[in-house]
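One letter stands for each residue in the lines below.
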Amino acid sequence: MRTTPAGAGTTWTAAWVKDAPEEAGVALARLIASPGYPFDERAARATAERITDTGIQDAEAQSHQIGAQWHGPAISTITKPTLVLHGDGDPLVKMSGARATAARIPGARLVTLPGVGHDLPQPVWDEITTQIRQLAEAPARSSR
């Protein structure tokens, strides 16, 4: 049986995820949480309870996500204004991935969110909405 540390003395197993999906959901949220912000266990638990039937237990969906491959046009063909937001504490997607994404989209703007992981902690919501608003209100780029 393959196991993975889940933190706080818990080990990930298929049985544990099946028998304690809310706890597994909270443990997963903690793993991907923003290192520069306090972990909101209450919010993570509420989310885990809300999505218990479709979240962490859906191994098929998890496998599809992990192995997902893009089959659309190259991102270098994007001609619309593009904002790439990325947390510098993301344990799943490296900063180099964000930089490479922004570099391949003509005119894209990369904004690094300090201390943010693979989640969007409430303290950065204002920054995110400000960045999106600036993108939406910017003069339109001409198409190639």
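Attention here is on the structure that accompanies the text. Owing to the predicted nature of the structure, the values given are computational and were not obtained by experimental measurement.

**As for the overall build of the chain**
Right, on to step 1. A tally of regular secondary structure across the chain gives six helices and four strands.
Right, on to step 2. Counting from the amino terminus, helix and strand elements in the chain follow one another as β-β-α-α-α-α-β-α-β-α.
Right, on to step 3. Within the chain, contacts between residues separated by at least 24 positions form 63% of all contacts whose residues are at least 6 apart in sequence.
Right, on to step 4. Total accessible area on the chain stands at roughly 10,000 Å², and carbon and sulfur atoms take up 56% of it.

**Let's talk about the nonpolar core**
Right, on to step 1. Residues Leu 83, Val 111, Leu 113, Val 116, Val 124 and Ile 128 constitute the largest nonpolar core, which totals six residues.
Right, on to step 2. Contacts of Val 116, omitting those with residues within four sequence positions, involve Ser 34, Pro 35, Tyr 37, Gly 87, Asp 88, Gly 89, Asp 90, Pro 121 and Val 124.

**Considerations on the environment of Ala 44**
Right, on to step 1. Within the fold, Ala 44 resides in helix 3 (residues 41-50).
Right, on to step 2. Judged by its relative accessible area of 11%, Ala 44 falls in the buried class.
Right, on to step 3. Sequence separation between Ala 44 and Gly 25 is 19 residues; the distance between their C-alpha atoms is 7.5 Å.
Right, on to step 4. Among all residues touching Ala 44, those that are not within four sequence positions of it are Val 26, Ala 29 and Phe 39.

Calculation notes
Residues numbered from 1 in each chain as written. Predicted model: local features only at pLDDT ≥ 70, side-chain atom pairs only at ≥ 80, totals over all residues. Heavy atoms only, no water. Helix = DSSP H or I, 4+ residues; strand = E, 2+ residues; numbered from the N terminus. Contact = heavy atoms within 4.5 Å. Areas by Shrake-Rupley, 256 points an atom, 1.4 Å probe, with all protein chains shown as cover. Core = buried A, V, L, I, M, F, W, Y, C linked by side-chain atoms within 4.5 Å. Buried < 20%, exposed > 50% of the residue type's maximum accessible area, 1.4 Å probe, protein only.

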